[in-house]
Amino acid sequence: TVLYKHDRLFVTNAEYFAASAHLVGFAPTHAPDLCAVIASEDPDKVLFMVEPEQTASVLTEITALVGARATVVQSHAQFVEVNPLGADKGSGLAWLANHLGIAREHIMAIGDQHNDATMLQWAGLSVAMGNASAELKSFASWVAPTVEEDGAVAAIELGLQKRLYIGN
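Note that the structure is predicted; figures quoted are calculated from it, not measured. Within any chain, residue numbers begin from 1 and follow the written order of that chain's sequence. A pLDDT threshold of at least 70 governs which residues receive local features in this predicted model, and a stricter bar of 80 or more applies before side-chain atom pairs are shown or counted, although totals over entire chains, interfaces and linings include all residues. Working from all heavy atoms in the structure, the side-chain values ignore hydrogens and water.

Participant: Mind showing me how you'd approach the side chain of aspartate 116 here?
Facilitator: Note that aspartate 116 resides in the loop between β7 (107–111) and α6 (117–122). Within polar-contact distance, the side chain of aspartate 116 engages the side chain of lysine 89 at 2.6 Å. Aside from chain neighbours lying at most four places away, what touches aspartate 116 is Lys89, Gly111 and Leu136. Helical segments are the DSSP runs of H or I of at least four residues, strand segments are the runs of E of at least two, and each set is numbered from the N terminus. By the criterion applied in these results, polar contacts are pairs of N or O atoms within 3.5 Å in which, for protein atoms, one can donate a hydrogen and the other can accept it, and in which residues neighboring in sequence qualify only through two side-chain atoms. What makes two residues a contact is simply this: any of their non-hydrogen atoms within 4.5 Å.

Rendered as structure tokens:
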């Protein structure tokens, strides 16, 4: 389990993350009891890393525990995320587009996991990768080939042809 709080990462298994510190630029803080870490204030995000065959049941269980207090999404075959309400890719993309003065219809978003749904729903042109779930594909304007079939390349080429800003 990983807990994001301000500019720090807290992990329950420091050994597992020791090899990945270079990816985030710093070593996470080992915290066997994450409840103690969040006792004073809510975290920015909690990430549960589970075996792929457990993801659906963990997603259901955490969603039931959290209720309407946060958003729970699957962001990878092995990741279940808990985020504050309004802290999603769609809201982030909308904020960035507004900040940069780019109209929604000029934005293309590409996604393949459930945490991409709000981004695909917001973008002017939304692309789901061919390996995405049927639910995610339902939010897309276009379904690209799979990742293995270079679907991201096809999506980016489409965006360039249409002169859109591309987000993923």
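Participant: Please explain the sheet that holds strand β5 (residues 70–76) as it appears in this structure.
Facilitator: Overall, mixed pairing links the six strands, which are arranged β3-β2-β1-β4-β6-β5 in an open sheet. The open sheet has two edge strands with one neighbour each: β3 (29–30) and β5. Of the strand pairs in this sheet, strand β4 (residues 45–49) and strand β6 (residues 79–84) are connected by four bridges, and their pairing is antiparallel. Looking at the pairing, phenylalanine 48 lines up with valine 80 of β6. Here, any two strands with at least 2 DSSP bridges between them count as paired.

Participant: Can you walk me through a nonpolar patch on the surface in this structure?
Facilitator: Patches in this entry comprise residues that are over 30% relatively accessible and not in a salt bridge; like charges within 9 Å are linked, as are nonpolar side chains (Val, Leu, Ile, Met, Phe, Trp, Tyr) within 5 Å. Here the accessible surface of atoms and residues is derived via Shrake-Rupley with a 1.4 Å probe, and residues count as covered only by protein chains that are part of the display. Within this document, salt bridges are pairs made up of a side-chain nitrogen of Lys or Arg and a carboxyl oxygen of Asp or Glu, the two lying within 4 Å of each other. Among the surface-exposed residues, Trp95, Leu96 and Leu100 lie close enough to one another that they form a single nonpolar patch of about 340 Å² accessible area. Of note, tryptophan 95 is situated in helix α5 (residues 89–100).

Participant: Looking at this structure, how should I read the packing of aromatic side chains?
Facilitator: The geometry of an aromatic ring pair is captured by the separation of the ring centres together with the interplanar angle, meaning the angle of the planes. Aromatic pairs are defined between Phe, Tyr and Trp rings, using the six-membered ring for Trp, whenever the two ring centres lie within 6.5 Å; interplanar angles under 30 degrees are classed as stacked, those over 60 as edge-to-face, and all others as tilted. With the rule as written, the count across this model stands at zero aromatic pairs. The ring of tyrosine 4 carries the charged tip of lysine 45 above its face, separated from the ring centre by 5.0 Å. Consider the ring centre and the ring normal. A charge sits over the ring if Lys NZ or Arg CZ is within 6 Å of that centre and within 35 degrees of that normal.

Participant: Which parts of the structure should I look at to understand the side chain of glutamate 81?
Facilitator: Take glutamate 81: it is sitting in strand β6. Categorising residues by exposure relies on relative accessible area from a 1.4 Å probe, with only protein chains included: less than 20% of the type maximum marks a residue as buried, more than 50% marks it as exposed, and the intermediate range marks it as partly exposed. Taking relative accessible area as the criterion, glutamate 81 reaches 9% and is therefore assigned buried. At 3.3 Å, the side chain of glutamate 81 forms a polar contact with the side chain of lysine 45.

Participant: Is there a simple way to explain the layout of surface pockets in this structure?
Facilitator: Take a probe with the size of a water molecule and roll it over the atoms, and the empty space left behind shows itself. Note on definitions: the grid is 1 Å and covers protein atoms alone; a cavity is a set of points where a 1.4 Å probe fits but cannot get out; a pocket is an open set with protein on both sides within 12 Å along at least five of seven lines; lining residues have an atom within 4 Å of a point. Grid points are joined across faces, edges and corners, and a volume is the space filled by probe spheres set on the points. The calculated volume of the largest pocket comes to roughly 570 Å³. Along its surface, the largest pocket is lined by 20 residues, and Ile38, Pro43, Val46, Val66 and Val82 are the ones closest to its centre. Contributing elements (two or more residues each) for the lining of the largest pocket: α3 (34–37), β4, α4 (55–66) and β6. Here the lining of the largest pocket is composed, by residue class, of 13 nonpolar, three polar and four charged. Three categories are distinguished: nonpolar for Ala, Val, Leu, Ile, Met, Phe, Trp, Tyr, Cys and Pro, charged for Asp, Glu, Lys and Arg, and polar for the others, with Gly belonging to the last.

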